[in-house]
Amino acid sequence: MKDELAVRQERLLLLLTMHSQQQQQHSTHFQTRKANCLSKRDKSSAGRIDPRAVDICGEINARDEYYTTSSCSGRSFLYCGDGIKSWHASTTSSSPSSAMDNGDNDDNGGNGGHGAAGGVGHGFFQRTRVNHDLIHEPTRYFNLQTLNTDRTGGGDPIPSIGQFQGLNNNENFKNKLDENAQLSVEDVTATDAPAASAAGDENDVQIQETPIWLRYEPFILHVMCRSLKAASVLMALARPSFKNVGLTSWNHVGTNEEDNLNGDNSNNNKLNNTSLKNQQCKGGGPRYLVAIWGDEGLDMPLSLPSTPRHGLFYNCNANGDDDESDVKNAEWLAQLVNERHVRNWKKIDRFVEAMRSLADDPCDDVSDDMSDDMSGMIDSMALSDDTHHQQQSSKSARAQSGLPIPRSYDVVGDVAILNNLPEGDEETQRKVGEWIMAKNKAIKIVVARHCPLSTEDRSPGASGLKQLAGHPRDPVVTSHYEYGIKCVVDLNHTFFSPRMAPERLRLSQQVARGERVLVVFAGVGMEALQIAARTEAKEVLVVERNAVACECVRRGKLMLSRNKTAPCPGSGKGASERLDIIEGDALDVLPTLEKESFDRIVAPRPKEGSLDGDLGTGDAGTPFLLAMLPLLKLKGEVHWYDFAADHELPNCDRTRKQLESVCKTLGLEMEVIHVARVGSVAKRQWRVCVDFRIIGIGKKSATEAV
């Protein structure tokens, strides 16, 4: 009996070990998939995350166990056609040739016809006047007579660069409306009749019956989860705010511990081997995709098939004098949309607060219930003291070395940087460096800081680094690789933190197509290089006063020109061609730039020692804000970096008040989009990034205020 119990215990221990290794491997695969997904170029029409979705996406992506795959904060738009973007069977055409002549097979829909009789075709569906914000000009937005001349109607700006350079959606929409206007019942003349009949009766009817519709689509979010427990926690947090929450994709493959425990593993081994091969082809590990979407929908016609340009609710008179009842109708339509926007945004805010209520530690430390059950079984069988001691007494390689190896250190390129000199004499320090190099073959030299970062540019200085191991290098210059983009870093004379890589990626996700981006306090320029390479921004301008850092940016730009990054399709320019550099102090350079000319400003300013933070005695960068904000367009966004104590998180009210005060001085109105915790700079002190945008201009414009 004891022998049988011992065999069962050994089998359980083996399964637990295998399960732990499998979960560790899955976690590594998950982090790889997360980095690959978040680093891809945004293929939406805007080319960025919606401003109202930045907060929730930031909270989710900041956690190790989640990452977002797609999102929409809620939008309204006008459309004509079938109203669905999918392939479907249709019988409107009499022959395959007519289907080819009257329809397109692109993703944005065609110019007219459906597929062949009984076959599969692409339904016509075209959108215009897409708007992710409140409708502020109802009479302009709902004026159907200006769909060709006023494409936005006061909604989202249409991208003028990138894959939507040709404005295919709007051009097809315009062509369809023109066809409706020319072939409507009232306008068809005797001369046009033969041509209409030659085109076929079915196609003729399809063209006439294309009214304009108004649609509101609520918030939608797709999140990939590391484990089933993490997915369950996320759904529980989302359900109080959104009714439609569910696990839409569940691909879980793993070892069946219960069958193995009973000795029935012959078939499982074959199944698991095949499944593991499939996992490796797909990136490895199970996948759990959670979908969250709102219920604030709206779909209603704005015109009739016979008169697609004549609105049912609002029509603008030719002389410009709108009827009072028509204006009220337009305001009523805007109210329908705006009320849904507000309710939708409140639900998103509640979801954000729920995510912030989670503990900092991952919610899926215990991967599944099977591990708990098996652990309980082991405890119930009273493992011997020797087995328990053997299981718990493993020592880390760092402790076994007998050297003062630091718990953590940064790796920049092929250089390992220790924040402090290891304890001991020079021989001990050399052995520490050699031990680190032996553990990571990519590290060629090891250096340690032996003085605080007290200079204005937060660099160690010529004598601030001591080399512990590796071939001598003075100054310590290396090329750092981050999400496929390289930059040059002079570690002696510039400040650079590899721990801000996720933050730089987050910034890139918010840059829309066609934007002019200004990067102040650029340092070695990794933020600018990432934005230029990963987005379809029209221009990225770098301002930096450190001459060494500017030279690093120039070398990084040269390497970017040799990179295989695809050129921006609309502009025909490569990433490096859209990157410009100005060397000089920001307070001297910014007043010389054109006012209200930038869509986005990134300001990763360095910490000014004791002058910054909750107890700081300095100005917290106010002069730079006064110089930057006049350069920003209306609805432009700023990423402002500040330093806060842990008790100020997550709202950072002190920084908010500072930004509101500066904007009020310039006659501007602002709103905070998101507050991101970037990284720790000292004990209980954090670097934060406050994303805010200009939403209005007061009594005096920014230019007049300056």
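Anything mentioned here points back to the structure above.
This section reports on the structure supplied with the text. (Residues numbered from 1 in each chain as written. Predicted model: local features only at pLDDT ≥ 70, side-chain atom pairs only at ≥ 80, totals over all residues. Heavy atoms only, no water.)

Focus on the nonpolar core
In terms of nonpolar packing, the biggest core is built from 38 residues, with Leu491, Val517 and Val540 touching the most fellow members. Within the residue set of this core, elements represented by two or more residues are strand E12 (415-418), strand E13 (445-449), strand E16 (485-490), strand E17 (516-520), helix H17 (526-534), strand E18 (539-544), helix H18 (547-562) and strand E22 (668-682). Counting residues per element, this core draws most heavily on H17, at six residues. When near neighbours in sequence (up to four residues on either side) are disregarded, Val517 contacts Val511, Ile531, Ala537, Glu539, Val540, Leu541, Phe598, Arg600 and Val602. Among the nonpolar cores identified, the runner-up in size contains 34 residues, and Val543, Ala586, Val690 and Ile694 belong to it. (Core = buried A, V, L, I, M, F, W, Y, C linked by side-chain atoms within 4.5 Å. Buried < 20%, exposed > 50% of the residue type's maximum accessible area, 1.4 Å probe, protein only. Helix = DSSP H or I, 4+ residues; strand = E, 2+ residues; numbered from the N terminus. Contact = heavy atoms within 4.5 Å.)

A closer look at the state of the cysteines
Scanning the model with the defined rule gives zero disulfides in all. Free of any disulfide, Cys487 has its nearest neighbouring cysteine sulfur in Cys552, separated by 8.0 Å. (Disulfide = S-S within 2.5 Å.)

Some points on the packing of H17 against H18
In a packed pair of helices, the relevant descriptors are the angle between the two axes and the axis-to-axis distance. Packing of H17 against H18 leaves a shortest axis separation of 10 Å and a crossing angle of 20°. Relative to H18, H17 is oriented roughly parallel. As H17 packs across H18, the resulting crossing turns out to be right-handed. Contact residues: Leu529, Ala532 and Ala533 in H17; Gly556, Lys557 and Leu560 in H18. (Axes fitted to C-alpha atoms, helices over the stretch in contact; angles between N-to-C directions. Parallel < 35°, antiparallel > 145°, perpendicular 65-115°, else oblique. Left-handed = near helix turned anticlockwise from the far one by under 90°.)

Focus: empty space enclosed by the protein
If you walk through the whole model with that rule in mind, you get four cavities of 30 Å³ or more. Along the walls of the largest cavity sit Ile417, Arg449, Leu453, Arg458, Pro460, Leu465, Leu491, Thr494, Phe495 and Phe496, which together make up its complete lining. Considering only residue class, the lining of the largest cavity consists of seven nonpolar, one polar and two charged. (1 Å grid on protein atoms, 1.4 Å probe; cavity = no way out; pocket = protein on both sides within 12 Å on 5 of 7 lines; lining within 4 Å. Points joined across faces, edges and corners; volume = space filled by probe spheres on them. Nonpolar A, V, L, I, M, F, W, Y, C, P; charged D, E, K, R; others polar.)

As for helix H21 (residues 653-665)
A rise of 1.5 Å per residue sets the reference length of H21, with its 13 residues, at 18 Å; its end C-alpha atoms lie 18 Å apart and thus fit the reference within 8%. Gly667, located one to two residues past H21, shows a positive phi value of around 75°. (Expected span 1.5 Å × (residues − 1).)

Section: the sheet that holds strand E10 (residues 298-301)
Across the sheet, which stays open at both edges, the four strands sit in the order E5-E2-E6-E10 with antiparallel pairing between neighbours. Two strands lie at the open edges of the sheet, namely strand E5 (125-131) and E10, each paired on one side alone. Averaged over all adjacent pairs, the angle separating strand axes in this sheet is 20°, with direction ignored. Seen against the sheet, helix H11 (residues 324-356) touches strand E2 (75-81), E5, strand E6 (212-217) and E10 and runs at an angle of roughly 170° to E10. (Pairing = 2+ DSSP bridges.)

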